[in-house]
Every structure is written in structure tokens, then in C-alpha cells.
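These are the residues of each chain, in order.
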Amino acid sequence: MLRENRFKQTIPQVRVEDDKEITYENADAAMRRSINFWSALQSPHGHWPAENAGVMFYIPPLVFCMYISGHLDKVFNEHHKREMLWYMYCHQNEDGGWGLHIEGPSMMMCTVLNYLAMRILGEGPDGGLDNACARARKWILDNGGATGSGSWGKTWMAILGVYEWDGCNPMPPEFWFYPTVIPLHPCNN
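Everything quoted here is computed from the prediction, not taken from an experiment.

Thoughts on the overall build of the protein chain
Scanning the protein chain from terminus to terminus reveals 7 helices and 0 strands. Taken from the N to the C terminus, the helices and strands of the protein chain come in the order α-α-α-α-α-α-α. Here the C-alpha atoms of the protein chain give a radius of gyration of 23 Å, more than 25% beyond the 16 Å that 2.2 N^0.38 yields for 189 residues. Viewed in the frame of its principal axes, the protein chain has a C-alpha envelope of about 60 × 45 × 35 Å. Restricting the contact set of the protein chain to residue pairs at least 6 apart, pairs at least 24 apart contribute 54%. Taken as two groups, the 15 positive and 21 negative side-chain charges of the protein chain have centres that lie 7 Å from each other.

Let's talk about the packing of aromatic side chains
Tallied over the full model, the rule gives 6 aromatic pairs. With centroids separated by 5.7 Å and ring planes inclined at 80°, the aromatic side chains of Phe57 and Tyr58 adopt a geometry described as edge-to-face. For the pair Trp86 and Tyr89, a centre-to-centre distance of 6.5 Å together with 85° between the ring planes defines the contact as edge-to-face. Placement of the pair is Trp86 and Tyr89 together in helix α4 (residues 78–90), with a separation of 3 residues, close to one helical turn. Taking relative accessible area as the criterion, Trp86 reaches 45% and is therefore assigned partly exposed. One aromatic cluster is present, built from ring pairs that chain together Phe7, Phe37 and Trp38.

Cut-offs and rules
Residues numbered from 1 in each chain as written. Predicted model: local features only at pLDDT ≥ 70, side-chain atom pairs only at ≥ 80, totals over all residues. Heavy atoms only, no water. Helix = DSSP H or I, 4+ residues; strand = E, 2+ residues; numbered from the N terminus. Rg over C-alpha atoms; globule rule 2.2 N^0.38 Å. Contact = heavy atoms within 4.5 Å. Lys, Arg positive; Asp, Glu negative; His and termini not counted. Charge placed at Lys NZ, Arg CZ, Asp CG, Glu CD. Phe/Tyr/Trp six-rings, centres within 6.5 Å; stacked < 30°, edge-to-face > 60°. Buried < 20%, exposed > 50% of the residue type's maximum accessible area, 1.4 Å probe, protein only.

Next comes the structure, spelled out in C-alpha cells:
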């Protein structure tokens, strides 16, 4: 975007030494420089284009929602499905699981969600690149089973009908207001 917009920063950089006080003029210049830069990065459509990659629990819920609503084949053509599967294959860890992000160690929730998404996208029990589904299933079973997933994983499994709702921890909405360091916070369950 910077090249397309032929961006050249015209506002000089402000430096404040450790022992100096920040003045209004310095803060204003830094803010204007920042606005100038971010405005040049903004697309004509109003957003800031960037790849949002790395998190391995974005695609599965999208697949699940389209599947549950009966719109999977209406929204995603075969090319879209192939590309989603390819993304999952490329970021599957050697041990067969998926981490919270593309470089993270395998964890149960992400492995279960990606496995279910691959199956919904048409892969058989042993299907996928290098037997991706079989390797994921083996990782799940070798690491205690899908019931070891966190609350989000269990909730999605229950929504899909492959897990009983009784196994999901109730999450009163007030718990979301707790700091994440509190063990009762839903992200910690």
C-alpha cells in the first residue's frame, strides 16, 4: 500500500531524550506522523489490508457455521474448500496435531476443531495430505481424547452433535468480566 500510494513521510521524527519532558508539540508531531503513515496504509475500501494468519482456530468455526446453517456448499465452492484444507495441511504439526498458532505445539482444542473441519470439508477418516485425518485422530487418542479439549472445543463438538452438552462447563456471562488470571475465567476452562 505504501508503494501504491507513493508514500513519503514528510513529518520529521520526534525524539525525546530520557531526561527531557514530553511537550505538547512533540506529542502532536508524533501523532500527526502516525496518522500520516497509517492513512497511507489504508485501502480505498477503508480497511487496513493484512494477512490474518497464524491462528489455527479461525477456519473451523467458519466451516461449522456454514455446515450447520446448510450453506457450506452455497458459500464455498470446491476451490475454497481445497484452499481451506491446504491451509490446514500446511500447518499441521509433525506429530499430527495443530497448535494455537502455526508455530505452536499441538493442543487438543485446535487439533479437534481442525480434524472436524477437515471431515466436514469432505476428507475421509484416513484422508488428507499425508493421511492428515488419521494422523490428527491418532494425536487426539494418544493425548487423552477429544474430551480433553477446552470449553470452546467442547461447545463446538456439542453444537455439531459429537459430544454431549452435559460435558460442557456452564459459563455464566459474569465470568467473562473476571481477569484472565482468575481460574474461573472461561478462557482458562
